[in-house]
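Listed below are the residues making up each chain.
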Amino acid sequence: MARLSLAQDPEQQPPPAIHSPGVIRVDITAKFAAATKSLEPGELVKDGFFTLFESVSALEIMDPKMDSGCVAPGEKFEEEYDVSRKLLPEEVLGIIDELVCHEISWHLGYPLAQTLFTSVYVEALSMPDPANIGEAHFVRSGTSGSNTEPMLQILRAYCLGMLKACSHVNEHIKLEHFYEEEDFVTNTYNRTLLRNISTRNIHSALREAEGLLGLLKDEVSSDILQGLSARLSLRRIFLEATESLEMTQDLTKTQAPWIEAANVLPIIEKTHILARSVDEAFSAKLQRKLASTMPPRPIVQLDFKEAFAHLSRMFEDGAEVVNVLKYTDSQCLLTFISTFQAKKPQPLVFVRTLLQSFLFNEMQVLGRMSIRQLLDDDLSILTLPASPLLARSNDDIEVVHDVRFVMSQQTELFRQRAAQPFVDILRTFCQNRCRVRRTLCHLVNEWENLQFDAEDIDQLLQVKTKERPILLEPSMMSSSDQTIESYSLPLSSWTYLYKLRLMEMIVQLGFELGVYQPDEHLGMYWYLSYLAKTRLQHVERIKSFIIHRVDEARALPSEDPDVEKQLQRALASTRLTLIDAAVTWELSVALACLYAVLARHGLVRTPTRPYSNDEFRYDLRMKPFSSIGLPSLPTFEEFTTGSQQLDTSSEELLVYGERALTGAKRGFETLNKLSAEESFSVGSHERWVAGVRNGLKSCIAAGIAIQTVQKALAGTGTQSGVGPMKDVALGLTVEVPTPDKTYHPSWIVPRVTFIPN
């Protein structure tokens, strides 16, 4: 509205009669109407006695940024674009490509009000809501000749397929775990997205439009016809892909649409140059018709090249995520999910919710496994290979005093308590990276509580089964050189191993997400080395019991071929975990040494923090681990002493870092040679190997940085000592890169260069 208007309505009821000697009625309608005519559009009048709420409400009226009904002088309130006008083939290409950009913007997290619902053609199809396919036309008149225009029929079919696919996507995402306004906006603003029209009818409309293209060979160039055909095929393919979400048993059929898109997308990219944009077919005015309490927002303008890149990756990720249904074992499944979710750029939320539906549909894992099967498989790989504790035959024992009855009862009790924390790990990996870290900070406390329960169950089983302890040889990582007797404690060992993995992951994600400032890298890499060293010691203990179990099983050969398979699998898993823990420990030690020397010479400076100090920041970084009993949290003094190593000279620190890097390189080279089966990365081996190689590149970069600092120290001609040496100029510059500019986002290797003279 350009200005307020109070027109007299002849049918308006008269005001109620007020009879009071103290009330004098005065009709101010004419005076008020005259006064409002003197106001300019957007001009406000505020009374001094307005409350804050009334003032804010008044500001929304006639403010273009807040009032969707406000129009500029001379502007029409309604959008006047004619959806029945004839379109050139190039214009249809342009409108469709713009719709592609808006659809991808919606997938990226922008609301429909700023994307697809700004299309005049989409609005014409959606409102009023068509009850059947016959009503779904741009012009709702049976006598309108525009409904028979070939180009409009093609555009109509595309829009029908697009809206129906968006309906499937929206409903599917709402069924899974996601974060509103952070990942995706499911609000449809009182639009049904063609919910009342069957998908079969939409497919019929698409086929009719494709058939219509064949009749236009003599009127339209072959390149444009090819482009239009590819875009209609894209709508059919994506509609089939969103329909096949529940076909978890037929892997080929589920994956077919995602793979088929690879043949269509190049044609769409090639023919985009023929498109002619029709900007007037999109208008922000349409937001006035939406059921929304939000103020008007500008249309999201996404470049076609960027949108097409996201579209291509979505189909690639969709085809890849279906491979999760090829179950090998629990560790391969974890590797697949963790490496898939860590892809850069990260898969879109629709693909991530698709992964969730495959994992947990109808309380089954991958549509065919129970949680018990998954847990037993994981336990048999990590701590209980071919163990009688997991034997299914124990479930048939009903004699209370039989040890097998106790084993069945106690292991089932553990499964019930471990199922939710274990499933939460899988579900967490399906979220965006920031949410992964935040959720893991809460999840690690659940594993801490689970460890207490596991220890109680282990002790009870230890007594009931009359387990005999074995002698553990002193570990290379241990300060003691004496053998000790120890029990296996398989359930608590399994729980403790996962807890250590989660703690390491929280720290590594802190580097990847840029949570830690450059001056904090020293302390956090030292703490990461502390966690990795603890995990290495724990896995060495697990290895001793697995080898003992292997020796026992081979002394009494079994006719069951699955026994030997489980034993070999456990040995391979232990080897892999030992190497992984070792390279994490050694590379984090090397980086901690490098950052310590750089900090001593003032090359990595601590910014001024008037409201913080080192101890406060230590408390903040260690808050996720403050309630963890094992491994014990270092005190601030231990943290400071251990990370800064003030009693060790810079030269010695760099030499120690070099030795650690040598071990890390050997470890990464060994990992790089492992097969998919040996690395438990079946189905995701390429992604896993890429991560290993990036870790190896980080080792090489760290080695170069250490050698550069060593040369600078040698060039000073003086011993650097053991304390802070900020007054000693080394002639170096240090750049701490952001995670996206490193070889591996978890390993932030500083770039050290000589200052040119």
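Residues numbered from 1 in each chain as written. Predicted model: local features only at pLDDT ≥ 70, side-chain atom pairs only at ≥ 80, totals over all residues. Heavy atoms only, no water.

Caption draft 1: Here's a closer look at the overall build of the chain. When helices and strands are counted, the chain shows 21 helices and four strands. The burial tally for the chain puts 51% of its 757 residues in the buried class. Sequence separation of 24 or more characterises 78% of the internal contacts of the chain that already satisfy a separation of 6 or more. When the accessible surface of the chain is totalled, it reaches about 37300 Å², and 54% of it is carbon and sulfur. (Helix = DSSP H or I, 4+ residues; strand = E, 2+ residues; numbered from the N terminus. Buried < 20%, exposed > 50% of the residue type's maximum accessible area, 1.4 Å probe, protein only. Contact = heavy atoms within 4.5 Å. Areas by Shrake-Rupley, 256 points an atom, 1.4 Å probe, with all protein chains shown as cover.)

Caption draft 2: How the structure looks around the pattern of salt bridges. In this structure the tally under the stated criterion is 31 salt bridges. The partner of Arg-435 in a salt bridge is Glu-182, and the shortest N-O contact between them spans 3.0 Å. On the criterion of sequence distance, the pair formed by Arg-435 in helix α14 (residues 433-464) and Glu-182 in the loop between α5 (150-175) and α6 (199-214) is long-range, its members being 253 residues apart. Residue classification places Arg-435 among the buried positions, given a relative accessible area of 16%. Across the pair Arg-404 and Asp-402 runs a salt bridge whose closest N-O atoms are separated by 2.9 Å. Given a relative accessible area of 38%, Arg-404 falls into the partly exposed group. Each of Arg-372, Asp-376, Asp-395, Glu-412 and Arg-415 takes part in salt bridges that share partners, so that together they form one network. (Salt bridge = Lys/Arg side-chain N within 4 Å of Asp/Glu carboxyl O.)

Caption draft 3: Seen up close, the packing of aromatic side chains. Scanning the model with the defined rule gives 27 aromatic pairs in all. Consider the rings of Trp-106 and Phe-184, whose centres lie 4.8 Å apart with planes at 55°: the pair is tilted. Of this pair, Trp-106 sits in helix α3 (residues 89-107) while Phe-184 sits in the loop between α5 and α6, placing them 78 residues apart in sequence. For Phe-184, a relative accessible area of 0% corresponds to the buried category. (Phe/Tyr/Trp six-rings, centres within 6.5 Å; stacked < 30°, edge-to-face > 60°.)

Caption draft 4: Summary view of helix α9 (residues 304-321). In a regular helix each residue adds 1.5 Å, so 18 residues correspond to 26 Å; α9 covers 25 Å between its end C-alpha atoms and thus fits that length. For α9, a buried count of 13 out of 18 residues is recorded, marking the element as mostly surrounded by other parts of the structure. N-capping of α9 is provided by Asp-303, with a side-chain oxygen placed 3.0 Å from the backbone N of Lys-305. (Expected span 1.5 Å × (residues − 1). Polar contact = N/O pair within 3.5 Å; in protein donor to acceptor, adjacent residues only side chain to side chain.)

Caption draft 5: How the structure looks around the packing of α3 against α5. Look at α3 against α5: their axes get within 10 Å of each other, and the N-to-C directions meet at 10°. It follows from the interaxial angle that α3 and α5 lie roughly parallel. The residues of α5 that touch α3, namely those facing Pro-89, Val-92, Ile-95, Ile-96, Leu-99, Val-100, Glu-103, Trp-106 and His-107, are Met-151, Leu-155, Tyr-158, Cys-159, Met-162, Cys-166, Val-169 and Asn-170. Among the residues making up the contact of α3 with α5, the classes are represented as 14 nonpolar, two polar and one charged. (Axes fitted to C-alpha atoms, helices over the stretch in contact; angles between N-to-C directions. Parallel < 35°, antiparallel > 145°, perpendicular 65-115°, else oblique. Nonpolar A, V, L, I, M, F, W, Y, C, P; charged D, E, K, R; others polar.)

Caption draft 6: How the structure looks around the nonpolar core. In terms of nonpolar packing, the biggest core is built from 212 residues, with Leu-99, Tyr-121, Leu-155, Leu-333, Leu-359, Trp-494 and Tyr-527 touching the most fellow members. Of all the elements, helix α17 (residues 561-600) adds the most residues to this core, at 21 residues. The residue makeup of this core includes at least three contributed by each of domain 1 (89-324) and domain 2 (370-717 + 726-752). Setting aside residues up to four positions removed in sequence, Tyr-121 forms contacts with Tyr-81, Val-83, Leu-87, Ile-95, Phe-138, Leu-152, Leu-155 and Ala-281. (Core = buried A, V, L, I, M, F, W, Y, C linked by side-chain atoms within 4.5 Å. Domains from an automatic or database assignment.)

Caption draft 7: A look at the side chain of Ser-746. Examined against the element boundaries, Ser-746 turns out to sit in the loop between β3 (732-735) and β4 (751-754). Excluding residues within four positions of it along the chain, Ser-746 makes contact with Gln-508, Phe-511 and Tyr-525.

Caption draft 8: Quick peek at the packing of helix α12 (residues 371-382) against helix α13 (residues 403-428). The geometry of α12 relative to α13 is characterised by a closest axis approach of 10 Å and an angle of 90° between their N-to-C directions. Classed by the angle they form, the pair α12 and α13 counts as roughly perpendicular. Contacts from Ile-371, Arg-372, Leu-374, Leu-375, Asp-376, Asp-378 and Leu-379 in α12 reach Glu-412, Phe-414, Arg-415, Ala-418, Ala-419, Phe-422, Val-423 and Leu-426 in α13. Looking at the contact of α12 with α13 residue by residue, the classes come out as 10 nonpolar, no polar and five charged.

Caption draft 9: How the structure looks around the environment of Pro-266. Mapped onto the fold, Pro-266 is located in helix α8 (residues 251-271). Assessed through its relative accessible area of 45%, Pro-266 is described here as partly exposed. For Pro-266 and Ser-312, which are 46 residues apart along the polypeptide, the C-alpha to C-alpha distance reads 9.3 Å.

Caption draft 10: Spotlight on the confidence of the model for the chain. Here the chain shows a mean pLDDT of 88. Residues at 70 or above account for 89%. By mean pLDDT, helix α2 (residues 52-60) is the weakest element of the chain at 63, and helix α15 (residues 490-512) is the strongest at 97. (pLDDT = per-residue confidence, 0-100.)

Caption draft 11: Just the side chain of Thr-584, in detail. The topology assignment puts Thr-584 in helix α17. In this structure Thr-584 comes out as buried when scored by relative accessible area, which is 5%. Aside from chain neighbours lying at most four places away, what touches Thr-584 is Glu-504, Gln-508, Leu-528, Ala-532, Arg-535 and Trp-747.

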